[in-house]
Structures are given as C-alpha cells and as structure tokens.
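# Remarks on the overall topology
Below are the chains, spelled out letter by letter.
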Amino acid sequence: MNVIVVVVIGAIIGAIDGVGIFFAPGEPFKTEIFLAAILKGILVSLLTGMSLTTNSAWWHGAGYGLLYGLAFALVIFLAKGGFKSKDAPYVVPSGAILGVVTGLLLVKFAFLRS
C-alpha cells in the first residue's frame with residue numbers, strides 16, 4: 001500500500017465532501033468544518049487502505065469504504081443531534097457514497113499489482 005497515495009485520495013475526497021460548507025449562510029465555523037471533513041476523509045481512507053490487500057477486488061474496496069464511510073458519518077450524525085438537527089441527516093448518505101468512491105480509488109491507485 002502506498003500510504004502517500006492513500007492520504008492524498010482521502011484528503012481530496014474529504015475536501016470534496018466539506019467544500020459545501022462554504023455555501024451555508026450563517027455558519028460561523030466554516031474553516032474548521034472544512035478541515036474536519038478533510039481529516040475524516042483521510043481517516044476513512046487510511047482505515048479502508050489498511051483493510052485491503054494487493055489482491056483485493058474492487059468490491060472489497062467498495063465494501064470497506066462503505067463500512068468505514070458510513071461509520072464515520074454516523075458518528076457525525078449522532079454528534080450533531082441526529083434527526084433533531086436540520087442538516088445532520090444529509091451527512092450519512094454522502095459519507096456512505098464517498099466511502100465507496102474512496103475504496104474504489106484505493107483499489108485502483110494505492111496498491112501495486114504484479
């Protein structure tokens with residue numbers, strides 16, 4: 001596993017996930033939320049990468065990415081108050097989808113195949 005590629009993929013996916021906060025009017029902590037999204041993307045990517053091997057199929061990457069992306073999204077969902085928060089329910093589907101994308105990208109680019 002190429003750790004640099006794993007971290008870069010996670011940071012890019014996290015930035016894509018978090019950039020929408022800059023379009024939220026009245027949000028006082030935009031930069032902090034954006035940086036937290038990048039960190040979440042890196043952590044999901046590292047966990048997914050450590051669960052994969054050189055011989056992992058694409059569906060292994062998608063499955064592990066879904067698992068870890070969904071788990072991190074549920075942590076954020078619950079920390080923001082669950083269904084009581086007006087924005088929190090949107091975190092879960094995006095976390096799951098971006099986890100799958102992360103896993104697929106890791107299988108494709110982070111592991112050298114012989």
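Right, let's walk through the structure included here. (Residues numbered from 1 in each chain as written. Predicted model: local features only at pLDDT ≥ 70, side-chain atom pairs only at ≥ 80, totals over all residues. Heavy atoms only, no water.)

Let us now look at the environment of Val92. Note on placement: Val92 falls in helix α4 (residues 91–109). On the accessibility criterion, Val92 (18% relative accessible area) is buried. The spatial distance from the C-alpha of Val92 to the C-alpha of Asp17 is 11 Å, given a sequence separation of 75 residues. Once residues within four sequence positions are removed from consideration, Val92 is found in contact with Leu70, Ala73, Leu74 and Phe77. (Helix = DSSP H or I, 4+ residues; strand = E, 2+ residues; numbered from the N terminus. Buried < 20%, exposed > 50% of the residue type's maximum accessible area, 1.4 Å probe, protein only. Contact = heavy atoms within 4.5 Å.)

Quick look at helix α3 (residues 58–79) now. The α-helix winds at 3.6 residues per turn, so residues separated by three or four positions along the chain end up facing the same way. With 22 residues, α3 extends 31 Å from end C-alpha to end C-alpha; this agrees with the ideal 32 Å at 1.5 Å per step. Where α3 is concerned, the buried positions are Gly61, Ala62, Gly65, Tyr68, Gly69, Ala73 and Phe77. In this structure, the buried residues of α3 make contact with α2 (30–51) and α4. Of the residues one or two after α3, Gly81 is the one with positive phi, at around 105 degrees. (Expected span 1.5 Å × (residues − 1).)

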